[in-house]
Amino acid sequence: MKNSWGPNWGDKGFIKIMKDTGTSGGLCGVAMQASYPTAGGSGPAVMCNPHANPPETCPGGKPCPPSGKCPPSTAAAAADGN
């Protein structure tokens, strides 16, 4: 699985997760909040690392939220190049 922190994290930007664990949430719960692109969507979410030092920011200089997912308004602006 590709991570959202870039190629310097994990195994060249990917992590390995055991499948078919026999639990509904999978090994680490990733199956409980899986995501995938859909046609006509708003594009990918803009992610940041709230634990980085120095702290990362979302597009437009807004602080990175604890979830690491920038608010949709900043994600849309980044996708548009604004």
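Residues numbered from 1 in each chain as written. Predicted model: local features only at pLDDT ≥ 70, side-chain atom pairs only at ≥ 80, totals over all residues. Heavy atoms only, no water.

Secondary structure assignment for the chain yields one helix and zero strands. When the accessible surface of the chain is totalled, it reaches about 6,600 Å², and 57% of it is carbon and sulfur. (Helix = DSSP H or I, 4+ residues; strand = E, 2+ residues; numbered from the N terminus. Areas by Shrake-Rupley, 256 points an atom, 1.4 Å probe, with all protein chains shown as cover.)

Enumeration over the complete set of coordinates arrives at one salt bridge. The salt bridge partner of Asp-11 is Lys-16, with a shortest N-O separation of 3.6 Å. A residue is classified by how much of its surface remains accessible, and Asp-11, at 41% relative accessible area, is partly exposed. (Salt bridge = Lys/Arg side-chain N within 4 Å of Asp/Glu carboxyl O. Buried < 20%, exposed > 50% of the residue type's maximum accessible area, 1.4 Å probe, protein only.)

Our focus in this paragraph is the state of the cysteines. Enumeration over the complete set of coordinates arrives at two disulfides. When the bonded cysteines of the chain are numbered from the N-terminus onward, they pair as 1-3, 2-4. (Disulfide = S-S within 2.5 Å.)

On to unusual backbone geometry. The omega torsion of the bond from Asn-53 to Pro-54 falls at 5°, within 30 degrees of zero and hence cis. Among the structural elements, Pro-54 can be located in the segment before α1 (72-80). At Lys-12, a position not held by glycine, the phi torsion is positive, near 55°. Note on placement: Lys-12 falls in the segment before α1.

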